[in-house]
Amino acid sequence: MNHLPAPSSSPSTTTNENDRASSHWIWMVIALCAHSGWGAYPVLARYLQTISALPSMAILALGNLIGLLVLSPLILPKISVRVLRSHSIWLFSLVVVLRAITNLLAARFAPAIYVQLITLMTPFIVALLSTTLFRERLPLYTFQAITLSLLGALLMMSGAIDSTGMALVLEPTHWLGIAMALGSSLCLALYMLLVPRTVKDNVPAEAVFFVQLITLTLTSGAISLLIGEDWSRWMVIGLSDWLVFGGFTLGVLLGANLGQIASLRHLGASLVSSMMAWRLISTLLLAALLLGEQLTSLWQMLGALIVLVTITFYLWRQSK
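Let me begin by describing the structure that accompanies this report. Only a predicted model underlies this, so the values are computations on that prediction, with no experimental measurement involved.

**A few points about the pattern of salt bridges**
With the rule as written, the count across this model stands at one salt bridge. Ionic pairing is found between E293 and R46, a salt bridge with its closest N-O pair at 2.7 Å. Separated by 247 residues along the polypeptide, E293 in the loop between α12 (278–291) and α13 (298–319) and R46 in helix α1 (residues 11–51) bring together distant segments of the chain. Side by side, E293 and R46 carry an identical accessibility label, which is buried.

And the structure:
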């Protein structure tokens, strides 16, 4: 009995599969770049506020205004008036304003590494809020992951561990920064819970981002004027300060935001979120370079490793 040869893949099919694989890795790199940008956020924000001595709300106002001017010609023609009537998009923007202000101020009062540590706890806050408010099932290993992450965070904040126990290296202003970071993480958790609402209302991601820029520019600018911030400081800063501000505005507020939106569309929220721990590596490297803030003991390095492994495993487990 004659047997027909097994059908082989045609060259066009193989080419399409290779193109898809190549595209997948390109979007993975873009997602990592976006996470790197958000890892740089507290470092650049702290530099601008503590070394460049720029007023906080003015940084937000000018940074978002530049983003608004750059994106307006590209996004504005695509936004319909119907989108602006959506209640969810304005509620979304209010949460974004609170998140941006608390996140920026957190970096002013606490070391960038501490701020990023608190931000990385956001997935746990989302899980707990989803279970409490919406009666959703709590993901597996949530409490174990929280316990390990807190242990790692305490180790990273410690100066030494000896017979007397763990000595936390925290100044009074650090506590204020940590409180701000906790508030910012809560706002970020609410942001994530509101995302499905904007999808349900058929609000395009570009429209959400554009309204965010408008709201942040107007709100932070108004607050800056009301509290009497000194904008003349912008006239005396040096080239290095402007370069950092350029990285903050173009690299993070624009680049990281757009990269995150694009990678979410192509890879999905689960896969992009599973790489979130990469932000801590970005923060550690840049904080050492720009701020001189770095881990100095083996205990602190062990804490960083615990946090990285725990959060990566927890988010990877959810994505599966």
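**Remarks on the nonpolar core**
Generally speaking, soluble globular proteins have nonpolar side chains that are buried together. Core analysis: the largest hydrophobic core is formed by 78 residues, its most contacted members being Y41, M156 and F248. Those residues in contact with M156 that lie beyond four places of it in its chain are I113, Y114, L117, L280, L284, L295, Q300, G303, A304 and V307. Core analysis: the second largest hydrophobic core is formed by six residues, W27, M28, L267 and M275 among them.

**Quick word on the packing of aromatic side chains**
Under the counting rule described, the total for this entry stands at eight aromatic pairs. Here W234 and F245 contribute two aromatic rings whose centre-to-centre distance is 5.0 Å and whose plane-to-plane angle is 75°, an arrangement assigned as edge-to-face. Taken as a pair, W234 in the loop between α9 (205–226) and α10 (239–267) and F245 in helix α10 lie far apart in primary sequence, eleven residues in all. The same class applies to W234 as to F245, namely buried. Judged by centre distance (6.1 Å) and plane angle (80°), the ring pair of W242 and F245 falls under edge-to-face. With W242 and F245 both in helix α10 and three residues apart, this pair spans about one turn of that helix. With relative accessibility at 37%, the residue W242 sits in the partly exposed group. Under the relative-accessibility criterion, F245 is labelled buried at 3%. Taken together, W38, Y41 and F248 form an aromatic cluster joined through their ring pairs.

Conventions we followed
- Residues numbered from 1 in each chain as written.
- Predicted model: local features only at pLDDT ≥ 70, side-chain atom pairs only at ≥ 80, totals over all residues.
- Heavy atoms only, no water.
- Salt bridge = Lys/Arg side-chain N within 4 Å of Asp/Glu carboxyl O.
- Helix = DSSP H or I, 4+ residues; strand = E, 2+ residues; numbered from the N terminus.
- Buried < 20%, exposed > 50% of the residue type's maximum accessible area, 1.4 Å probe, protein only.
- Core = buried A, V, L, I, M, F, W, Y, C linked by side-chain atoms within 4.5 Å.
- Contact = heavy atoms within 4.5 Å.
- Phe/Tyr/Trp six-rings, centres within 6.5 Å; stacked < 30°, edge-to-face > 60°.

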